[in-house]
Amino acid sequence: MSDVAPSLAGWMARQRWYATKGRTPALRVIGSFEAEVDDALAMTLLIIDEAADVPVLYQVPLVSRATPLPGGDAAFIGSADGRYLYDGPHDPAYARELLRTMSAESHVVGADVTVDGTRIVDPGQVRRSRVLSGEQSNTSIVYDVEGGPVDQVIAKVFRVLHHGDNPDVTTQASLTRGGSTHVPSSFGSLRATWPDVGRDGGTATGHLAFSQEFLPGLEDAWRVALTAAAAGTDFTAEAHALGVAVAEVHATLAADLGTVPAGDDEIAGALTSMRRRITTAAREVPRIAEHAEAIGAVYDAAEHLHWPDLQRIHGDLHLGQALLSPERGWMLIDFEGEPLRPMPERSRPDLPIRDIAGMLRSFDYVAGSLAQEDVPVDAGAWAHDARRAFVDGYVASSGVDVRAARALLDAFEIDKAVYEAIYESRNRPDWIDIPLAAVARLAARSAPVTDSSPSAGSAQ
């Protein structure tokens, strides 16, 4: 390993997934595991980079070969001990071994690292593999397979590792076990334990990779909705079906992973997070501060409402997280949760209302984006109808009267809009009016109430 690591620093600094741009990596290998595949050695290094202010742990898969890999120039890293080193996902030896390990329910012991493979469904035999381009933080390998339930499988390799289960893995595995048709089928995952002196017991554990059904060529709901809205095309049937799909996913997760009551601590924790976000937003976006008192009143009222049971949810649901399949309807993807939250928090039980609020905000963004471009349609009316149809679909499938909890839904939608305002102020200032308009609208209509009856207002 001491011969391999020095070759990696310059190469890692050029990779899109390297988090500490502008600094020279300071690398230390803390664990590894390997396997011989044909005439190659496929190995995975766990490497701490101490160049960052806070050290970052990377997963670096490599393949060592005695002779050059045909067509592998773009994946070439360097040489060590007279052998040729390649970026693992681009080498068929590593790609095959990765899927095999996940599919074998295996237990691998390496240097200071233990790896468990967990098969959910047998994906079939690999014929070819290729790496998707354009990804920032992970690397995805697409496989053509035969003898399995699908023709193509995608494996996501997590480059930056975190302690704690990745909800993208565990949530989709749960939905596959529960027989959901609204997510790609999961096939398997890799979970590892590695040394971490900063944790109790001296070890950390987390996911290295997982595999699922690949769905190429499908349009996401954002593009489908934006096209429909720009043309003035009615979208209520599609929005209703999307509401049904989200409700069915929530029901499957509740059945497989269970629910817990929303106790005082859970309610207080959620509202504390919301209030902290308001403080941050008021500091960064002065126009949010104008509504801080009204928003605070909404949150105060929400504290005294009935909160339904908590369960596993999507956690970052919007139109870009749904794909439209001609054969299977709406498919939900990317269950990693809100990116800014620590990994352990993303798997905590939460309110399904958070997902509903996220999707409602997304329909609002369709209208807002068209207004930005001066498209001559009544996008506001289109979004109103789509939002209402989405809620109708959710209610019809779940039997849960979301509108009866309007004040609670408004609180979560305001929180999402405040999050958006912070994001837009930092990244797309020209879009800031979209979330600000929602904050103003929701804060104005959501005066404190003492009950959650439908007469208190009508949620879209």
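Here, every reference points to the structure presented above.
Described below are features of the structure shown in this document. The structure displayed is predicted, hence computed values, not measured ones.

1. Notes on the overall build of the chain
Right, on to step 1. On a plain count of helices and strands, the chain comes out with 13 helices and 17 strands.
Right, on to step 2. Against the compact-globule benchmark of 23 Å for 460 residues, the chain has a radius of gyration of 24 Å, which places it among compact chains.
Right, on to step 3. Total accessible area on the chain is roughly 19900 Å²; 50% of this is exposed by carbon and sulfur atoms.
Right, on to step 4. With 40 positive and 64 negative side-chain charges, the chain shows a separation of 2 Å between the mean positions of the two kinds.

2. Concerning the pattern of salt bridges
Right, on to step 1. A complete count under the given rule lists 34 salt bridges for this structure.
Right, on to step 2. Here glutamate 336 ties to lysine 156 by a salt bridge, and the two come within 4.0 Å at their closest N and O atoms. You can see glutamate 336 sitting in the loop between β17 (329–332) and α9 (343–346) and its partner lysine 156 sitting in strand β10 (residues 152–158), a full 180 residues away along the chain.
Right, on to step 3. By relative accessible area, glutamate 336 is classed as partly exposed at 21%.

3. Overview of the sheet that holds strand β5 (residues 83–87)
Right, on to step 1. Taken in spatial order, the five strands of this open sheet run β1-β2-β3-β5-β4, and their pairing is antiparallel. If you trace the sheet from one side to the other, it starts and ends with β1 (27–37) and β4 (76–80), each paired once. Taken pair by pair, the neighbouring strands of this sheet meet at an average axis angle of 30°, ignoring direction.
Right, on to step 2. Here 10 bridges tie β1 to strand β2 (residues 40–49), and the two strands are oriented antiparallel to one another.

4. Thoughts on helix α2 (residues 92–103)
Right, on to step 1. Here α2 contains 12 residues, and its C-alpha end-to-end distance of 16 Å stays within 8% of the 16 Å for a straight helix at 1.5 Å per residue.
Right, on to step 2. Among the 12 residues of α2, nine are classified as buried, and the element is accordingly described as predominantly covered.
Right, on to step 3. By the burial criterion, the buried members of α2 are Ala93, Tyr94, Ala95, Glu97, Leu98, Leu99, Thr101, Met102 and Ser103.
Right, on to step 4. Sitting at the amino-terminal end of α2 is aspartate 91, which places a side-chain oxygen 2.8 Å from the backbone nitrogen of alanine 93.
Right, on to step 5. Directly beyond the C-terminal end of α2, a positive phi value near 50° is found at glutamate 105.

5. Some points on the packing of aromatic side chains
Right, on to step 1. Using the criterion set out here, one finds 12 aromatic pairs in the structure.
Right, on to step 2. Considering the side-chain rings of tyrosine 18 and tyrosine 58, the 5.6 Å spacing of their centres and the 25° angle between planes classify their relative orientation as stacked. Of this pair, tyrosine 18 sits in the loop between α1 (5–13) and β1 while tyrosine 58 sits in strand β3 (residues 56–65), and the two are 40 residues apart along the sequence.
Right, on to step 3. According to the relative accessible area criterion, tyrosine 18 is buried, its value standing at 1%.
Right, on to step 4. Using a relative accessible area of 0% as the deciding quantity, one classes tyrosine 58 as buried.
Right, on to step 5. Seen in terms of ring centroids, phenylalanine 76 and tyrosine 84 are 6.3 Å apart; in terms of plane orientation they differ by 50°. Their pairing is tilted.
Right, on to step 6. Each member of the aromatic cluster is reached from another via a ring pair, and the members are Trp11, Trp17, Tyr18 and Tyr58.
Right, on to step 7. Taking NZ or CZ as reference, arginine 428 lies 4.2 Å from the ring centre of tryptophan 431, over its face.

6. So, the nonpolar core
Right, on to step 1. Counting 73 residues, the largest nonpolar core has Phe235, Phe363, Trp382 and Phe390 as its most contacted members.
Right, on to step 2. Sort the elements by how many residues they give to this core and helix α12 (residues 406–427) lands first, with 10 residues.
Right, on to step 3. With 35 residues, the next largest nonpolar core counts Leu57, Val63, Val113 and Val169 among its residues.

7. Some details on the packing of helix α5 (residues 236–257) against helix α11 (residues 379–398)
Right, on to step 1. The geometry of α5 relative to α11 is characterised by a closest axis approach of 7 Å and an angle of 40° between their N-to-C directions. Taken together, the axis directions place α5 and α11 in an arrangement best described as oblique. The two elements α5 and α11 meet at a crossing, and its hand is right-handed. Together, Thr236, Ala239, His240, Leu242, Gly243, Val244, Val246, Ala247, Glu248 and His250 of α5 and Asp385, Ala386, Ala389, Phe390, Asp392, Gly393, Tyr394, Ala396, Ser397 and Ser398 of α11 make up the contact between the two elements.
Right, on to step 2. Across the contact of α5 with α11, the residue classes tally to 10 nonpolar, seven polar and three charged.

8. Regarding the packing of helix α3 (residues 167–177) against α5
Right, on to step 1. For the pair α3 and α5, interaxial distance at closest approach is 9 Å and the crossing angle is 90°. Between α3 and α5, the angle is such that the two are roughly perpendicular. When α3 is examined against α5, the residues Thr171, Ser174, Leu175 and Arg177 are found in contact with a partner set consisting of Val249, Thr252, Leu253, Asp256 and Leu257.
Right, on to step 2. Tallied by class, the residues present in the contact of α3 with α5 amount to four nonpolar, three polar and two charged.

9. Some details on α11
Right, on to step 1. Between its first and last C-alpha atoms α11 spans 28 Å; for 20 residues at 1.5 Å apiece the expected length is 28 Å, and the two agree.
Right, on to step 2. Each element contacted by the buried residues of α11 is listed here: α4 (221–231), α5, α10 (352–372), α12 and α13 (433–445).
Right, on to step 3. Phi for glycine 399, located one or two positions after α11, is positive at around 75°.

10. Some words on the pairing of β4
Right, on to step 1. One ladder, built from four bridges, connects β4 with β5; its direction is antiparallel. Residue pairing in the sheet places alanine 80 in a bridge with arginine 83 of β5.
Right, on to step 2. Once β4 ends, the chain turns through two residues before running back antiparallel as β5, passing aspartate 81 with a positive phi of about 55°.

11. Side note on the environment of threonine 44
Right, on to step 1. Relative to the helices and strands, threonine 44 is located in strand β2.
Right, on to step 2. For threonine 44, a relative accessible area of 3% translates into the label buried.
Right, on to step 3. Considered as a pair, threonine 44 and glycine 72 are 28 residues apart in the sequence and their alpha carbons are 18 Å apart.
Right, on to step 4. Ignoring any residue separated from it by four or fewer positions in sequence, one finds threonine 44 in contact with Gly31, Ser32, Phe33, Gln59, Val60, Pro61 and Tyr94.

Here is what the cut-offs are and how they apply
Residues numbered from 1 in each chain as written. Predicted model: local features only at pLDDT ≥ 70, side-chain atom pairs only at ≥ 80, totals over all residues. Heavy atoms only, no water. Helix = DSSP H or I, 4+ residues; strand = E, 2+ residues; numbered from the N terminus. Rg over C-alpha atoms; globule rule 2.2 N^0.38 Å. Areas by Shrake-Rupley, 256 points an atom, 1.4 Å probe, with all protein chains shown as cover. Lys, Arg positive; Asp, Glu negative; His and termini not counted. Charge placed at Lys NZ, Arg CZ, Asp CG, Glu CD. Salt bridge = Lys/Arg side-chain N within 4 Å of Asp/Glu carboxyl O. Buried < 20%, exposed > 50% of the residue type's maximum accessible area, 1.4 Å probe, protein only. Pairing = 2+ DSSP bridges. Axes fitted to C-alpha atoms, helices over the stretch in contact; angles between N-to-C directions. Expected span 1.5 Å × (residues − 1). Polar contact = N/O pair within 3.5 Å; in protein donor to acceptor, adjacent residues only side chain to side chain. Phe/Tyr/Trp six-rings, centres within 6.5 Å; stacked < 30°, edge-to-face > 60°. Lys NZ or Arg CZ within 6 Å of the ring centre and 35° of its normal. Core = buried A, V, L, I, M, F, W, Y, C linked by side-chain atoms within 4.5 Å. Parallel < 35°, antiparallel > 145°, perpendicular 65-115°, else oblique. Left-handed = near helix turned anticlockwise from the far one by under 90°. Contact = heavy atoms within 4.5 Å. Nonpolar A, V, L, I, M, F, W, Y, C, P; charged D, E, K, R; others polar.

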